[in-house]
Amino acid sequence: MPLFRVVMFTAIVAAAAWTPVRIHAEPRAQALSPLLPLSDQDERSTQETGCTSTFTFSRHDYLQLVGTELLLRDRYGLHSCRFTTVATEDLETGRGNVSCSGYRLRIRSSGRATSNLASDSSSRRAVLTIDRGGVATSMRGIWGVAC
């Protein structure tokens, strides 16, 4: 019986050693997404006012929508795009795509919204789909709105 336990322990350790590391590691958005996290300076750079919506993944904001201005960052720098009110509503509600700096973006929210009346904010789980040149990737995160 002790030999069986030693053999099983060795087999489990060997299997774990050959298992790809990405199964054990926390997902990294940089490897999955062409977008990079926004810095605090990026988020303060907008000239718009109004409600602020952000897409957050792994404690970092990847999109910020203030009024009708969307901010995103990729390896080429910070990009700012202005939309019509209808396009902004389409993005926020998941009814349609918007295009910004060569990216086609769509946010699909799911589940119940969590609201905070004191800060006039709400958030819900969401999937951000990023399409650039026909190559689409998705990120699961949180879509939050603060007014």
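Each remark here, short or long, concerns the structure printed above.
Residues numbered from 1 in each chain as written. Predicted model: local features only at pLDDT ≥ 70, side-chain atom pairs only at ≥ 80, totals over all residues. Heavy atoms only, no water.

Undergrad: So what about the packing of aromatic side chains? Which residues, and what values?
TA: Any pair of aromatic rings gets described here by the distance separating the centres and the angle formed by the planes. One pass over the structure, following the stated rule, counts one aromatic pair. Here the aromatic rings of Phe57 and Tyr62 are separated by 6.3 Å at their centres, their planes lie at 65 degrees, and the arrangement is edge-to-face. As far as burial versus exposure is concerned, Phe57 and Tyr62 are alike and both buried. In this structure, Arg132 packs its charged tip against the face of Tyr103, placed 4.4 Å from the ring centre. (Phe/Tyr/Trp six-rings, centres within 6.5 Å; stacked < 30°, edge-to-face > 60°. Buried < 20%, exposed > 50% of the residue type's maximum accessible area, 1.4 Å probe, protein only. Lys NZ or Arg CZ within 6 Å of the ring centre and 35° of its normal.)

Undergrad: Describe the pairing of strand E7 (residues 103-116), with residues and values.
TA: Strand direction decides the pairing type here: strand E6 (residues 98-100) and E7, joined by three bridges, are antiparallel. Each residue of the ladder has a partner; that of Ser99, found in E7, is Arg104. Here E6 folds back onto E7, and the loop between the two strands holds two residues, one of which, Ser101, carries a positive phi near 55 degrees. (Pairing = 2+ DSSP bridges. Helix = DSSP H or I, 4+ residues; strand = E, 2+ residues; numbered from the N terminus.)

Undergrad: Explain the side chain of Gln64 to me, and be specific about the residues and the numbers.
TA: By the element assignment, Gln64 lies in strand E3 (residues 60-66). Among the polar contacts listed, one links the side chain of Gln64 to the backbone oxygen of Glu43, at a separation of 3.2 Å. Beyond its immediate chain neighbours, meaning those up to four positions away, Gln64 contacts Leu38, Glu43, Thr46, Thr52, Ser53, Thr54, Glu69, Leu70 and Leu71. (Polar contact = N/O pair within 3.5 Å; in protein donor to acceptor, adjacent residues only side chain to side chain. Contact = heavy atoms within 4.5 Å.)

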